[in-house]
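Here is how the chains run, residue by residue.
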Amino acid sequence: MDWIFSFVILIASLALISFSFIAFIKPTLAKHYLQQFAVSAKAHYTEQLIRIVFGLSLILYSPQMLYSEVFFFFGWLMVITSMGLLCVPWWWHEKFADKVIPWVIRLLPLYAISCLVLGSTLIYGVLG
């Protein structure tokens with residue numbers, strides 16, 4: 001069962017790293033992707049489900065990872081915030097995204113570097 005958790009973490013890591021490269025190579029595509037968050041109830045609930053699966057994978061696989069305490073805490077942070085977002089109407093999330101996403105787009109290079117660092121750190125934690 002552990003291989004499933006590590007697989008989920010590695011897929012998420014590769015998604016973060018891929019996004020960082022796309023943000024530098026085709027920033028308009030990255031901006032469009034970011035603007036799709038919380039645009040509908042389906043997008044909202046899909047995002048929360050993905051975050052919960054990823055968070056649970058971190059929680060359950062963290063004992064095998066380097067820096068296990070950090071990844072354990074990060075996993076719980078993902079699960080708790082996602083559960084909180086499931087308890088509010090999706091349009092609140094949309095209103096929040098409408099305020100935050102323009103800032104993220106303005107700081108896209110910094111956000112892309114952060115995604116690259118996080119994705120690389122997760123891979124290192126799993127494979128290291």
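Below: a short report on this structure. Computed from a prediction, not measured in an experiment: that's the story for all the values here. (Residues numbered from 1 in each chain as written. Predicted model: local features only at pLDDT ≥ 70, side-chain atom pairs only at ≥ 80, totals over all residues. Heavy atoms only, no water.)

1. Some words on unusual backbone geometry
At Ala38, a position not held by glycine, the phi torsion is positive, near 60°. As for its placement among the helices and strands, Ala38 is situated in the loop between helix 2 (27–34) and helix 3 (41–61). (Helix = DSSP H or I, 4+ residues; strand = E, 2+ residues; numbered from the N terminus.)

2. Side note on helix 6 (residues 108–127)
Between its first and last C-alpha, helix 6 extends 28 Å over 20 residues, near the 28 Å set by a 1.5 Å rise per residue. At its buried positions, helix 6 is contacted by helix 1 (2–25), helix 2, helix 3, helix 4 (68–86) and helix 5 (90–106). (Expected span 1.5 Å × (residues − 1). Contact = heavy atoms within 4.5 Å.)

3. Brief notes about the environment of Met1
Positionally, Met1 belongs in the segment before helix 1. Sequence-wise, Met1 and Tyr61 are 60 residues apart; in three dimensions their C-alpha atoms are separated by 9.6 Å.

4. A few points about the packing of helix 1 against helix 2
Relative orientation of the contacting elements helix 1 and helix 2 amounts to 125°, with a least axis distance of 5 Å. The orientation of helix 1 relative to helix 2 falls into the category oblique. Across from Phe19, Ile22, Ala23, Phe24 and Ile25 in helix 1, the residues of helix 2 making contact are Pro27, Leu29, Ala30, Tyr33 and Leu34. Looking at the contact of helix 1 with helix 2 residue by residue, the class counts come to 10 nonpolar, no polar and no charged. (Axes fitted to C-alpha atoms, helices over the stretch in contact; angles between N-to-C directions. Parallel < 35°, antiparallel > 145°, perpendicular 65-115°, else oblique. Nonpolar A, V, L, I, M, F, W, Y, C, P; charged D, E, K, R; others polar.)

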